[in-house]
Amino acid sequence: MTTNEEIKNTQETNNEAEMTMDALLAQQESLSEQLNKREIVDVTVVQISGDYILVDTGAKKEGAILVSEFDGKTLPAVGEKVSAVLVKRGSDERYSILSHKKALEMQGWDICKKAYENKERVKGVILQTVKGGYIVDVLGVNGFMPLSLSELHTAYKHYLPVGAKIKAVIVEFSKEKQKLIVSRKQVLEEDEAVRRTEVLGQIKEGEVLRVVVAKVDKDRLFLRFHGIEGVVNLENIAWKEPETAIANFRRGQRLKAKLLKLDKETPRLEFGLKQLFLNPADALKRRYPYKSSVKAKVEKISEEEGVECTIGKNNTKGHISPFEMGRDFNAQVGDVITALVVGVDPETFTVNLSVKKYDQVQNRKVVAQYLKQAPRPTLGQLLEDSFKTTEEEK
């Protein structure tokens, strides 16, 4: 015997079934209306048959999407929902033709519009190389990227292969004209600016950095540090004969350089190579201190330019100006003379000598030595001693 509670449960179950059926019919009717209005809808895959993917359109007969629209992509599984838009209505004998690709394109135009207005980046895939640029798939929309906007620096040929994934910014947009132009260059420039700021924030003047030679000119050397351009002026190439030294560098050569100046705004870096080594003038000053005496071999004598000579085993260059030769200078080429160090020329790395000052020092020494001896008696002292002796005798 059926109880009242069982009857009640049965009625509720029937009501729920009726509501579910009503909702399903309403949903199918709504889906059909959206399709007829050429709106984008989500349809469920019911079967994959040959060249077609059959989907539930809410009508008596399923709709069909070409399998070729999924080239390069994974086919949807049965029961999975895909976006689609009606292309051609069907009948009892034939399927309605839907397009997943066109639905993505329609969605893509809307997304691209927002990205263009908000200046946001979009992702794209290179579909084809054409004269002057590339055809790029951006969210299902075919756009164009000129060669001039494809690389960080000006590009004169195609570098990106078909299938390459890129990030770009939409620079021109018109859905009415079906026009979409993108720039990868702008993205690269923005990323490069961020990277340069980070690199420049990690270095400071006076540091020794590892760099790469980018270009060699007669009067300067161009270097690159993490993609940032730097320069070494001729006077900072080498302490001696920089014109000869610069010719020994080659493009692509890796070396160390000292950062002399840092301009974060440009950005521009100025390097020095000779600063990695001790200044020869400083070494000469240490070896030949001021007012020290040295032996020098006379190499050349000129009344106008003075005396050229060499010092020590290393044949360090020495020079005696005409003023420093003195009046009594009578040495000949090949003679070894003694002179006083009066300085070092930082340009020619020559030790400046003076025979005149050396003689003056020697003369002062003689006078000082003479003054150290016992003083001779004066005439008054001699007469006084003479008087004392006479008186004693008396």
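None of these values were measured; they are calculated from a predicted model.

Chemist: I tried to follow the packing of aromatic side chains on my own but got confused; where do I start?
Modeler: Aromatic ring pairs are defined here through the distance separating the ring centres and the angle between the ring planes. Taken as a whole and judged by the stated rule, the model has 2 aromatic pairs. With a centroid separation of 5.9 Å and 25 degrees between ring planes, the pair formed by Tyr 116 and Phe 173 is classed as stacked. A residue pair is termed long-range when its members are at least 10 positions apart, and Tyr 116 in helix α2 (residues 100–118) and Phe 173 in strand β9 (residues 165–174) qualify at 57 residues. On the basis of relative accessible area, Tyr 116 is assigned to the partly exposed category, the value being 33%. Accessibility expressed as a relative area gives 19% for Phe 173, which makes it buried. Taken together, the ring pairs in this structure connect Trp 109, Tyr 116 and Phe 173 into an aromatic cluster.

Chemist: What exactly am I supposed to notice about the sheet that holds strand β17 (residues 306–311) here?
Modeler: Consider a sheet: its strands pair through backbone hydrogen bonds, and that pairing is either parallel or antiparallel. Taken in spatial order, the 5 strands close into a barrel running β16-β17-β18-β20-β19, and their pairing is mixed. On average, each strand axis in the sheet is tilted by 50 degrees relative to the strand beside it, whichever way the strands run. Where helix α5 (residues 280–287) meets the sheet, it contacts β18 (316–320), β19 (336–345) and β20 (350–354), and its direction lies at approximately 135 degrees from that of β19. Lying over the sheet, helix α7 (residues 355–372) contacts β16 (293–302), β18, β19 and β20, oriented at roughly 115 degrees with respect to β19.

Chemist: What's the story with the pairing of strand β6 (residues 121–130) in this structure? I'm lost.
Modeler: Sheet faces and side chains relate simply in a regular strand, where the side chains alternate between the two faces. In the sheet, β6 pairs with β9 via 5 bridges, with the strands oriented antiparallel. Bridge pairing in β9 places Gly 124 opposite Ile 166. Bridging between β6 and strand β7 (residues 133–138) involves 5 bridges; their strand directions are antiparallel. Residue pairing in the sheet places Gln 128 in a bridge with Ile 135 of β7. Taking the residues between adjacent antiparallel strands as the criterion, β6 and β7 are bridged by 2 residues, where Gly 132 takes a positive phi near 90 degrees.

Chemist: Would you mind showing me how to read unusual backbone geometry here?
Modeler: The bulk of non-glycine residues show a negative phi, and the bulk of peptide bonds are trans. A positive phi is found at Leu 139, a non-glycine position, where the angle reads about 55 degrees. Note on placement: Leu 139 falls in the loop between β7 and β8 (141–146). Judged by relative accessible area, which is 38%, Leu 139 ranks as partly exposed. The phi dihedral of His 226 falls on the positive side, at around 50 degrees, and the residue is not glycine. Among the secondary structure elements, His 226 is positioned in the loop between β12 (220–225) and β13 (228–233). Exposure remark for His 226: the relative accessible area of 52% places this residue in the exposed category.

Chemist: Please explain the environment of Tyr 159 as it appears in this structure.
Modeler: Assignment of secondary structure puts Tyr 159 in the loop between β8 and β9. Using a relative accessible area of 51% as the deciding quantity, one classes Tyr 159 as exposed. The spatial distance from the C-alpha of Tyr 159 to the C-alpha of Leu 147 is 9.2 Å, given a sequence separation of 12 residues. Apart from the residues within four sequence positions on either side, Tyr 159 is in contact with Tyr 134 and Glu 151.

Chemist: Quick question: what am I supposed to make of a nonpolar patch on the surface here?
Modeler: Side chains of Ile 48, Leu 75 and Val 78 sit close together on the surface and give an oily, nonpolar patch of about 250 Å² of accessible area. Tracing the backbone through its elements, the reader meets Leu 75 in the loop between β3 (63–66) and β4 (81–88).

Basis of the calculations
Residues numbered from 1 in each chain as written. Predicted model: local features only at pLDDT ≥ 70, side-chain atom pairs only at ≥ 80, totals over all residues. Heavy atoms only, no water. Phe/Tyr/Trp six-rings, centres within 6.5 Å; stacked < 30°, edge-to-face > 60°. Helix = DSSP H or I, 4+ residues; strand = E, 2+ residues; numbered from the N terminus. Buried < 20%, exposed > 50% of the residue type's maximum accessible area, 1.4 Å probe, protein only. Pairing = 2+ DSSP bridges. Axes fitted to C-alpha atoms, helices over the stretch in contact; angles between N-to-C directions. Contact = heavy atoms within 4.5 Å. Patch = residues over 30% accessible without salt bridge, like charges linked within 9 Å, V, L, I, M, F, W, Y side chains within 5 Å. Areas by Shrake-Rupley, 256 points an atom, 1.4 Å probe, with all protein chains shown as cover. Salt bridge = Lys/Arg side-chain N within 4 Å of Asp/Glu carboxyl O.

Just distances and angles here, no functional claims.
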